[in-house]
Amino acid sequence: MGGAVTTTNAISDFVSYSAKPMGQIQNTSGYSGAGPMQVPWNNLNGALSSANDVLTSIEEDNLEIVIDGSDQTAKTRAGAYLVRGLSHGYIANIFNQGYVQTLDFPQNPSQPALSGYGAVVDQAISDLQQARDIAENNSFNLSGFFPWDSPPSSAQVARSANTMSARFLVQNSRTLDENTGSTIGGSEQYGWSDVLGWTESGVEEDISLQISTNPYEDDYAGLSTFINWYY
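Because the structure is a prediction, the values reported are computed rather than measured.

### Side note on the environment of L128
Step number 1: Within the secondary structure layout, L128 lies in helix 4 (residues 117-136).
Step number 2: In this structure L128 touches Y81, L82, G85, L86, A161, M164, S165 and F168, once residues within four positions along its chain are discounted.

### Notes on unusual backbone geometry
Step number 1: With phi around 60°, N62 is a residue other than glycine that occupies positive phi space.
Step number 2: Considering the arrangement of structural elements, one finds N62 in the loop between helix 2 (35-60) and strand 1 (66-67).
Step number 3: Of note in the backbone geometry, D68 takes a positive phi value of approximately 50° without being a glycine.
Step number 4: One can find D68 in the loop between strand 1 and strand 2 (70-71).
Step number 5: By relative accessible area, which is 81% here, D68 ends up exposed.

### Details of the packing of helix 3 (residues 73-94) against helix 5 (residues 154-171)
Step number 1: One way to put it is that helix 3 packs onto helix 5 with a least axis distance of 9 Å and a crossing angle of 15°. When the axes of helix 3 and helix 5 are compared, the pair comes out roughly parallel. Note on packing geometry: the crossing formed by helix 3 with helix 5 is left-handed. For the pair helix 3 and helix 5, contact is made by L82, G85, L86, G89, Y90 and N93 and by V157, A161, M164, R167, F168 and Q171, respectively.
Step number 2: When the residues that make up the contact of helix 3 with helix 5 are grouped by side-chain class, the tally is seven nonpolar, four polar and one charged.

### What about the pattern of salt bridges?
Step number 1: Within this structure, the stated rule accounts for five salt bridges.
Step number 2: The shortest N-O distance in the salt bridge between E204 and R159 comes to 3.7 Å. Here R159 lies in helix 5 and E204 lies in the loop between helix 7 (192-200) and helix 8 (219-226), a separation of 45 residues in the sequence.
Step number 3: Look at R159 and you get partly exposed, because its relative accessible area is 28%.
Step number 4: Residues joined in a network through salt bridges with shared partners are R132, D133 and E136.

Thresholds applied
- Residues numbered from 1 in each chain as written.
- Predicted model: local features only at pLDDT ≥ 70, side-chain atom pairs only at ≥ 80, totals over all residues.
- Heavy atoms only, no water.
- Helix = DSSP H or I, 4+ residues; strand = E, 2+ residues; numbered from the N terminus.
- Contact = heavy atoms within 4.5 Å.
- Buried < 20%, exposed > 50% of the residue type's maximum accessible area, 1.4 Å probe, protein only.
- Axes fitted to C-alpha atoms, helices over the stretch in contact; angles between N-to-C directions.
- Parallel < 35°, antiparallel > 145°, perpendicular 65-115°, else oblique.
- Left-handed = near helix turned anticlockwise from the far one by under 90°.
- Nonpolar A, V, L, I, M, F, W, Y, C, P; charged D, E, K, R; others polar.
- Salt bridge = Lys/Arg side-chain N within 4 Å of Asp/Glu carboxyl O.

The following block contains the structure:
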């Protein structure tokens, strides 16, 4: 975050994030710079919870989703695992600890246990590969899933899951040793051979991503154009 945000704005302590050396982060709810950390943390964990609600209904309550006579259960299940994998992956990349939210994660915990970023990225990959397996064994289009302008096919969903598995693992290393060992990125399971395999089976086509219109919005672009005179 500190490398991406460069501004003289003191709001949300952005000036401290972009200072060299970087300002000290205060681990308190009253910290003026807590917002930029709280927003991704809350939203990503909320997405994990929502994905688990869907998976619980399908896998434990045996819910079948039929729309206009078409069984959408496999597509919905793949989408839930995809959301769960993407959310775990971004939490692992951004934060040093996170909650591994599988279906046995306590729903009303007084003090849930945090896991290190290596365990979180392992769960991200497990979720993404589960989405891949479902997509490879079913035929559907998954609407609302960018970077494609039109709903991607199940084959494209499978390739996306592989590409994101590789990306999250490569980006997860904090040290040189974590990038050169038998496993990488703090993972206990995956290494460079896995990254190569996922990349070879990943997204192949060029992507031109436009997210400046509804329903997606590029906040960085908005800040740099709408109020660039201020920042």
